[in-house]
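# Notes for the structure review
Here is how the chains run, residue by residue.
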Amino acid sequence: MSSTTTPSVRPRIAVFGSVNMDLVAYVDSAPGRGETVTGTRFSQVPGGKGANQAVAAARAGADTAFLGAVGEDAFGTQLRTNLVECGIEVSGLRTLGGASGTAHIVVEADGANSIIVVPGANGEVTGLREGDQALIEGSAVLLLQLELPMDGVAAAARAGRAAGVPTVLTPAPARDLPGELLEHVDLLVPNQHEAARLTGESDPRTALAALLRTVPEVIVTLGADGSLYGARGGEPVHVPARKTRPVDTTAAGDTFCGAFAVARAEGRPPEECLRFAAAAAAISVQRHGAAPSMPERAEVEELLA
Ligand code: ADP
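Everything numeric in this text was worked out from a predicted model, so none of it was measured.

Once that is clear, we can look at the overall build of the protein chain. When its secondary structure is counted, the protein chain shows 10 helices and 13 strands. Computed over the C-alpha atoms, the radius of gyration of the protein chain is 18 Å, within 12% of the 19 Å expected from 2.2 N^0.38 for a compact globule of 305 residues. The 305 residues of the protein chain split such that 50% are buried. On the protein chain, roughly 13300 Å² of surface is accessible, and the fraction owed to carbon and sulfur atoms is 51%. Of the charged side chains in the protein chain, 24 are positive and 35 negative; the average position of the first set lies 4 Å away from that of the second.

Laid out in structure tokens, this is it:
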């Protein structure tokens with residue numbers, strides 16, 4: 001099977017994570033304390049690292065189930081509909097009383113941004129609910145991030161380990177990782193800043209080695225410099241990024257991670273998974289937005305052919 005062949009059976013991936021509505025205001029410069037400014041444009045886009053990784057995995061060729069929560073507001077309905085329209089299975093997406101998660105983003109004329117995340121329903125996901133275990137057990141890979149309460153993330157990782165499902169954690173937003181979470185994680189995928197924050201080591205190779213003392217496999221993503229992969233006991237492997245002209249690197253890491261999970265779930269060897277993920281991410285950085293920039297499987301295959 002060549003590295004670009006689509007398998008006849010689509011693998012199943014479960015994503016246990018956050019889903020937000022991103023509310024984006026574009027301004028010349030952000031207001032200071034007590035100040036009001038007039039914006040130039042507004043956009044409302046579905047987001048959240050969990051939902052973004054689910055969209056990336058579905059587009060890259062997996063039957064993807066999303067486990068998480070929205071509120072009973074209009075955003076909740078829109079977020080659910082969006083996931084369904086992306087072909088994602090939402091039986092594990094709960095509607096809870098109260099507000100959906102929102103991210104309030106201010107983008108200045110020079111591209112700098114400031115973000116307030118209000119977790120809403122995401123903040124209520126402190127453990128597994130009925131049916132979650134079965135969705136995780138039926139998957140070839142479980143994807144986790146850190147935009148849900150740590151208790152919820154740890155419960156999902158425990159369920160993944162109990163079911164023998166490889167668990168991939170993107171440690172973002174970066175925060176200290178408790179041992180009870182790490183002991184159930186098979187593969188950690190920080191970017192270089194998160195790797196430095198987790199280990200105190202600014203050199204990615206040193207950070208990778210430090211992280212391999214806590215989990216069996218690590219990928220440190222390096223933006224335009226590609227990615228560094230290591231498995232305990234083996235030599236690290238560097239896979240370069242594809243040469244591109246990036247216009248918007250939002251969600252490059254989520255695209256990379258979702259696509260990597262699909263290739264891993266198809267049973268491909270690590271370097272092939274990394275090249276597949278790098279191709280998907282390279283396409284995404286040449287387009288604007290998060291989920292809208294994520295490529296379909298056929299586009300990734302075409303780039304790799
Ligand atoms: P994050 O979005 O989490 O900060 P990175 O910036 O490290 O993650 O990007 C993840 C992956 O996306 C990289 O390993 C690389 O394959 C791809 N990528 C990111 N930026 C570029 C770029 N400018 N050109 C090509 N590929 C890129």
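A separate point is the site of the ligand. Taken together, 16 residues lie around the ligand, and Thr221, Gly223, Gly226, Thr244 and Gly253 are the ones closest in. Between the ligand and asparagine 191, the relevant distance is 3.0 Å, taken from an oxygen atom to a side-chain nitrogen or oxygen of the residue. One of the backbone N or O atoms of glycine 253 is found 2.9 Å from an oxygen atom in the ligand. Expressed as a share of its isolated accessible area of 550 Å², the protein-covered part of the ligand is 85%. Where the shell around the ligand is concerned, the elements lending two or more residues are helix 8 (252-265) and helix 9 (270-284). Here the element with the most residues in the shell around the ligand is helix 8; it accounts for three residues.

Turning our attention to the packing of aromatic side chains. Inspection of every chain in the model, using the stated rule, returns zero aromatic pairs. The cationic tip of arginine 41 hangs over the ring face of tyrosine 26; the distance from NZ or CZ to the ring centre is 4.0 Å.

Looking now at the pairing of strand 8 (residues 141-144). Burial of the side chains of strand 8 extends over both faces: Val141 and Leu143 are buried on one face and Leu142 and Leu144 on the other. In this sheet, strand 8 lies alongside strand 1 (residues 12-16) in parallel orientation, the contact comprising four bridges. From the neighbouring strand, valine 15 faces strand 8, where its bridge partner is leucine 143. Bridge count between strand 8 and strand 9 (residues 167-169): three bridges; the pairing is parallel. Each bridged residue has a counterpart across the sheet, and for leucine 143 the counterpart in strand 9 is valine 168. Handedness of the β-α-β unit built from strand 8, helix 4 (residues 150-163) and strand 9 comes out right-handed.

Our next topic: the sheet that holds strand 2 (residues 20-27). Sheets are built from strands paired through backbone hydrogen bonds, the pairs being either parallel or antiparallel. The mixed open sheet is built from four strands, whose spatial order is 3-2-6-7. Single-partner strands in this sheet number two, and they are strand 3 (41-47) and strand 7 (113-118). Across the sheet, the mean angle separating the axes of adjacent strands is 15° when strand polarity is ignored. With seven bridges joining them, strand 2 and strand 3 adopt antiparallel strand pairing. Among the inter-strand pairings, leucine 23 is bridged to a residue of strand 3, identified as glutamine 44. Set on the sheet, helix 2 (residues 74-85) makes contact with strand 2, strand 3 and strand 6 (101-108); between it and strand 2 the angle comes to about 105°.

Rules and cut-offs
- Residues numbered from 1 in each chain as written.
- Predicted model: local features only at pLDDT ≥ 70, side-chain atom pairs only at ≥ 80, totals over all residues.
- Heavy atoms only, no water.
- Helix = DSSP H or I, 4+ residues; strand = E, 2+ residues; numbered from the N terminus.
- Rg over C-alpha atoms; globule rule 2.2 N^0.38 Å.
- Buried < 20%, exposed > 50% of the residue type's maximum accessible area, 1.4 Å probe, protein only.
- Areas by Shrake-Rupley, 256 points an atom, 1.4 Å probe, with all protein chains shown as cover.
- Lys, Arg positive; Asp, Glu negative; His and termini not counted.
- Charge placed at Lys NZ, Arg CZ, Asp CG, Glu CD.
- Near = heavy atom within 4 Å.
- Polar contact = N/O pair within 3.5 Å; in protein donor to acceptor, adjacent residues only side chain to side chain.
- Phe/Tyr/Trp six-rings, centres within 6.5 Å; stacked < 30°, edge-to-face > 60°.
- Lys NZ or Arg CZ within 6 Å of the ring centre and 35° of its normal.
- Pairing = 2+ DSSP bridges.
- Right-handed = clockwise from strand over helix to strand, strands pointing away.
- Axes fitted to C-alpha atoms, helices over the stretch in contact; angles between N-to-C directions.
- Contact = heavy atoms within 4.5 Å.

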